[in-house]
Amino acid sequence: MTQSPKYDYSSVNIRQQFQVSYDYPVLFTRQSFDLDNPTLAGLINNLDEAPKLLTVIDSEVAKAHPQLAQAAKTYFQAMKMQTLPEMIIEGGEACKNDESLLDSFYQVVEQYAIDRHSYVLVIGGGAVVDAIGFAAATAHRGIRLIRMPTTVLGQNDAGVGVKNAVNYHKRKNYLGTFVPPFAVVNDFSLLDSLTNRDKRSGISEAIKVALIKDKPFFNELYQAKYELAEFMPEAMENMIIKGAKWHLNHIATSGDAFEYGSARPLDFGHWSAHKLEELSNNSLRHGEAVAIGIAMDSIYSHKMGFLSEHELKQILSLLDTLGFKLNHPALHLLNVEQALAEFKEHLGGRLCITLLNGIGTGFEVNHIDIQTMVESVNSIQSNQIDRLIGQVA
Ligand SMILES: NC(=O)c1ccc[n+]([C@@H]2O[C@H](COP(=O)([O-])OP(=O)(O)OC[C@H]3O[C@@H](n4cnc5c(N)ncnc54)[C@H](O)[C@@H]3O)[C@@H](O)[C@H]2O)c1
Ligand SMILES: [Zn+2]
């Protein structure tokens, strides 16, 4: 019998350390596939290899823009790229729940020998971008992904960051990666076909980021509230560009781009929003639930003495003017204590909730006074906030 060597392994102390820096452009344009629009063409840095391109399109976008797939093909063929037959996938959360989607994508990758020098161009809402982002990040350990988000929420938030995910057994974002895209192209002309409801819904994420980071940006949104309520292009574009900039700035400078810690300042208003989406059987859009969550945590911030009544009124009045319905029936089903406990579990550490210390300044707390939060919910359900909104008009 061989004796194991007496060896003190504690002296073997290898420490692996290296840095990887990320650098990707987030561009803004209109009519991306006009042959004289250089935005997309400027991204392809290996044209001498005649790289392959797979375009994946959200079914609703394909319906609303029936010429889009052909226009993309013509544009990239003019650059001598090898364009593959496009994939059209079901838009909305359904694609993230569809367990056959990944398999279909990997089959196409295999069939056309798509490799790490090829490109996937995904055109769609946040859900399609999330799902194809995950598929592209996992095939060959990562195929170059150009994201072209087509919703307001996608352009100012979901589509510009580093996260990708699909749902698994109905559990939201259960399978996912932190993999930055090759590039993001926000084409404003694609937003024209959104319903008013979807145009409005994504504005709440820009309000959220303004509230926690940038008072002048909030003031701009407040000044432009009637233009935004009418979805006037200039006001919408400014809101999207600044919203995207702040989301990107946070990822680049927070020191925790891949969310190892518990703090999630960008999740202001989100602990209840996630729960309300679920309680409404997803009849609430994410952005609509975030608007309610923003109202709730702003009221709580005021009740705890951090936010003045004047600032609270401004926040509520902005949400109201934009047409957000804050008193949703799902609020009756919300169990504050339980929802906070679930959010804590989701963070995987201690409870970390962002509140407002005045407009433009978010800060973290690790404890929420349940009674005060319940009162905040109640004041949305009663006519108390209508009175506050009425006073600032
Ligand atoms: N990865 C992230 O960092 C991140 C951040 C926030 C949200 N998300 C995810 O984003 C998803 C929500 O995204 P969303 O708000 O963009 O909604 P969505 O993708 O569900 O799209 C809403 C509806 O609009 C349709 N649509 C999309 N673009 C259109 C267009 N231009 N014209 C007409 N119809 C169009 C879609 O087919 C869908 O039916 C959720 O799954 C959420 O988890 C991801
Ligand atoms: Zn959100």
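Note that this is a predicted model, so its numbers are computed, not measured. (Residues numbered from 1 in each chain as written. Chains lettered and ligands numbered in written order. Predicted model: local features only at pLDDT ≥ 70, side-chain atom pairs only at ≥ 80, totals over all residues. Heavy atoms only, no water.)

Caption draft 1: Spatial organisation of the layout of surface pockets. Estimates place the volume of the second largest pocket at around 280 Å³. As for the second largest pocket, its lining consists of 14 residues, of which G142, I143, R144, L145 and P180 are closest to the centre. Listed by contribution, the elements that provide at least two residues to the lining of the second largest pocket are α5 (126-138) and β6 (144-149). Examining the composition of the lining of the second largest pocket, we find that three residues originate from one element, α5, more than from any other. Of the residues assigned to the lining of the second largest pocket, the class counts are eight nonpolar, three polar and three charged. (1 Å grid on protein atoms, 1.4 Å probe; cavity = no way out; pocket = protein on both sides within 12 Å on 5 of 7 lines; lining within 4 Å. Points joined across faces, edges and corners; volume = space filled by probe spheres on them. Helix = DSSP H or I, 4+ residues; strand = E, 2+ residues; numbered from the N terminus. Nonpolar A, V, L, I, M, F, W, Y, C, P; charged D, E, K, R; others polar.)

Caption draft 2: Expanded view of the packing of aromatic side chains. Using the criterion set out here, one finds 11 aromatic pairs in the structure. Ring centres 5.2 Å apart and planes at 80 degrees place the aromatic pair Y75 and F76 in the edge-to-face group. Comparing Y75 with F76 shows no difference in burial state: the two are buried. On the basis of an interplanar angle of 75 degrees and a centroid distance of 4.8 Å, the ring pair of F306 and F363 is categorised as edge-to-face. Pair noted here: F306 is in the loop between α13 (286-303) and α14 (309-322) and F363 is in strand β11 (residues 362-365), with a separation of 57 residues, a long-range link. Classification of F306 as partly exposed rests on a relative accessible area of 30%. (Phe/Tyr/Trp six-rings, centres within 6.5 Å; stacked < 30°, edge-to-face > 60°. Buried < 20%, exposed > 50% of the residue type's maximum accessible area, 1.4 Å probe, protein only.)

Caption draft 3: Region of interest: the pattern of salt bridges. Summed over the entire model, instances satisfying the criterion amount to 15 salt bridges. Note that E220 is salt-bridged to K242, the shortest N-O span being 2.8 Å. Within this pair, whereas E220 is found in helix α9 (residues 215-223), its partner K242 is found in helix α11 (residues 233-253), the two being separated by 22 residues in sequence. Among the ionic pairs, E342 bridges to K275, the shortest N-O distance being 3.0 Å. Residue E342 is found in helix α15 (residues 336-347), and its partner K275 is found in helix α12 (residues 270-279); the two are separated by 67 residues along the sequence. Note on K275: relative accessible area 13%, which makes it buried. Taken together, the shared-partner salt bridges in this structure form one network comprising D157, E205 and K208. (Salt bridge = Lys/Arg side-chain N within 4 Å of Asp/Glu carboxyl O.)

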